[in-house]
Amino acid sequence: EGGDGAGTFWYCMALNFKQMSLYFAPAFAAHLLGNAHRRRFDFGLLPSLLYLLRLALIVLASFAILWLPWLYPDPSAATQVLRRIFPISRGLYEDKVANLWCTLSLVLKPHRFLSPKSILLASTALTAALALPPALAAF
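Residues numbered from 1 in each chain as written. Predicted model: local features only at pLDDT ≥ 70, side-chain atom pairs only at ≥ 80, totals over all residues. Heavy atoms only, no water.

A closer look at the packing of helix α1 (residues 4-17) against helix α2 (residues 25-43)
Where α1 meets α2, the closest approach of the two axes is 12 Å, and the angle between their N-to-C directions is 160 degrees. The angle between α1 and α2 places the two elements in the roughly antiparallel class. Relative to α2, the crossing made by α1 is left-handed. Counting all contacts with α1, which are made through Asp 4, Gly 7, Thr 8 and Tyr 11, the residues of α2 involved are Ala 25, Phe 28, His 31, Leu 32 and Asn 35. Its residues assigned to classes, the contact of α1 with α2 shows four nonpolar, four polar and one charged. (Axes fitted to C-alpha atoms, helices over the stretch in contact; angles between N-to-C directions. Helix = DSSP H or I, 4+ residues; strand = E, 2+ residues; numbered from the N terminus. Parallel < 35°, antiparallel > 145°, perpendicular 65-115°, else oblique. Left-handed = near helix turned anticlockwise from the far one by under 90°. Contact = heavy atoms within 4.5 Å. Nonpolar A, V, L, I, M, F, W, Y, C, P; charged D, E, K, R; others polar.)

Topic: the nonpolar core
One finds Leu 32, Ala 36, Tyr 51, Leu 55 and Ile 58 forming the largest nonpolar core, which totals five residues. Sort the elements by how many residues they give to this core and helix α3 (residues 45-71) lands first, with three residues. Discounting chain neighbours no more than four positions away, the residues touching Tyr 51 are Asp 4, Leu 32, Asn 35, Ala 36 and Arg 39. (Core = buried A, V, L, I, M, F, W, Y, C linked by side-chain atoms within 4.5 Å. Buried < 20%, exposed > 50% of the residue type's maximum accessible area, 1.4 Å probe, protein only.)

Observations regarding the layout of surface pockets
Rolled over the atoms, a probe with the dimensions of a water molecule shows which regions are left empty. Roughly 260 Å³ of volume is contained in the second largest pocket. As for the second largest pocket, its lining consists of 14 residues, of which Leu 15, Asn 16, Phe 17, Trp 67 and Ile 85 are closest to the centre. At the level of elements, α1, α3 and α4 (76-85) are the ones that each hand at least two residues to the lining of the second largest pocket. Sorting elements by how many residues they give to the lining of the second largest pocket places α3 first, with four residues. For the lining of the second largest pocket, the class distribution of residues is 11 nonpolar, two polar and one charged. (1 Å grid on protein atoms, 1.4 Å probe; cavity = no way out; pocket = protein on both sides within 12 Å on 5 of 7 lines; lining within 4 Å. Points joined across faces, edges and corners; volume = space filled by probe spheres on them.)

Notes on the packing of aromatic side chains
Tallied over the full model, the rule gives three aromatic pairs. On the numbers, 4.9 Å between centres and 75 degrees between planes, the contact of Phe 9 with Trp 10 is edge-to-face. Owing to a relative accessible area of 30%, Phe 9 belongs among the partly exposed residues under this scheme. Directly above the ring of Phe 41 sits Arg 40, whose terminal nitrogen or CZ lies 4.6 Å from the centroid. (Phe/Tyr/Trp six-rings, centres within 6.5 Å; stacked < 30°, edge-to-face > 60°. Lys NZ or Arg CZ within 6 Å of the ring centre and 35° of its normal.)

And the structure:
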């Protein structure tokens, strides 16, 4: 528990260094929420909420420090950075995350009956649904 704040900080650093760290986000968040939940039973509601508030402040401060050069003085620069990190406009078949979607497209051919925006929404929903069971197990 003593390392949760430092772990949160370093995870934020990893996430901003390489977006592939997002793969671990559901499990990481579920673990920390589980810690907060257990604190509620051990110490009460207020310490649990303070624990979550501390972690939230660490996340916000870490992201603010890292993103400040792109947010000030022109916030539109941050939008440009995000578009380059997450090139969704090029479709789902991008780099290492394409494996599942390339395989599914061989069988289902979603591009024939769905718009690119619908495919993006469907892939987001499927990813969230597949991430939920392990996240609940980590909770």
